[in-house]
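Structural overview for review
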Amino acid sequence: TYPLPEAQLDRFLMHVKVGYPDAATEKAILHLVRNEAQVTHVEHTPTPMSEADLLNARQEILNIHMADSVEEYLLQLVLATRHPARYDKALERLIEYGASPRATIALDRCARARAWLAGRDFVSPDDVMTLAPDVLRHRIIPSFEAEAEGYNTDSLIRRLLELVPIV
């Protein structure tokens, strides 16, 4: 049933960082919102998506092709968060806890969704690399030493993306 129970929402969570816009962008937002508020009628009201449409979209996303090599890259990237010394001995002391199997599932689903939204019928390594920071950010816990040395999850993920080869 929809909406999803809160216990199931974690499957879809990513930790996206959204900063503040620069002055020019803020001004453009102000003008856009002001102009929209002055519109006295709505020309087109979007049709709400039916449950069937939503389920069909989800099925299409799950059917997006992922080559074995891309799947292996995705797996190795998540596994590298748990065993970083395989790629860089120095990372071993910087990551306290790596990503769980739920991170693998989330990265798989998000990469498929990104490909679908781009109109492709396949997942590329770029889909995985682009989404990895947002999907993994809240799933990796840096060690005390990492934090003391100025590392955060973003810098650790960036380093893993540099080290884990695309198969």
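Residues numbered from 1 in each chain as written. Predicted model: local features only at pLDDT ≥ 70, side-chain atom pairs only at ≥ 80, totals over all residues. Heavy atoms only, no water.

Now for the packing of aromatic side chains. Counting across every chain of the model gives zero aromatic pairs. When the ring centre of Phe122 is taken as origin, the NZ or CZ atom of Arg120, which lies over that ring, is 5.3 Å away. (Phe/Tyr/Trp six-rings, centres within 6.5 Å; stacked < 30°, edge-to-face > 60°. Lys NZ or Arg CZ within 6 Å of the ring centre and 35° of its normal.)

In this structure, Leu77, Leu107, Val123, Val128 and Leu136 are the most contacted members of the largest nonpolar core, which totals 31 residues. When contributions to this core are tallied by element, the ones reaching two or more residues are α4 (68–82), α6 (101–117), α7 (125–136) and α9 (153–163). In this view, Val128 contacts Val70, Tyr73, Leu74, Leu77, Leu107, Ala111 and Val123; residues no more than four positions away in its chain are not counted. (Core = buried A, V, L, I, M, F, W, Y, C linked by side-chain atoms within 4.5 Å. Buried < 20%, exposed > 50% of the residue type's maximum accessible area, 1.4 Å probe, protein only. Helix = DSSP H or I, 4+ residues; strand = E, 2+ residues; numbered from the N terminus. Contact = heavy atoms within 4.5 Å.)

Moving on: the side chain of Arg137. Along the chain, the position of Arg137 falls in the loop between α7 and β2 (141–142). For Arg137, a relative accessible area of 11% corresponds to the buried category. At 2.9 Å, the side chain of Arg137 and the side chain of Asp134 are in polar contact. (Polar contact = N/O pair within 3.5 Å; in protein donor to acceptor, adjacent residues only side chain to side chain.)

Under the counting rule described, the total for this entry stands at ten salt bridges. We note a salt bridge from Arg114 to Asp126, for which the minimum N-O separation is 3.5 Å. With Arg114 in helix α6 and Asp126 in helix α7, this pair connects stretches of sequence that are twelve residues apart. Under the relative-accessibility criterion, Arg114 is labelled partly exposed at 27%. A relative accessible area of 39% places Asp126 in the partly exposed class. Residues joined by salt bridges that share partners form a network here, namely Arg114, Arg120, Asp126 and Asp127. (Salt bridge = Lys/Arg side-chain N within 4 Å of Asp/Glu carboxyl O.)

Quick look at α9 now. Buried within α9 we find Thr153, Asp154, Ser155, Leu156, Ile157, Leu160 and Leu161. Its buried side turned inward, α9 meets α4, α5 (89–92), β1 (95–97), α7 and β2. Between the side-chain oxygen of the N-cap and the backbone nitrogen of Asp154 there are 3.0 Å, and the N-cap of α9 in question is Asn152.

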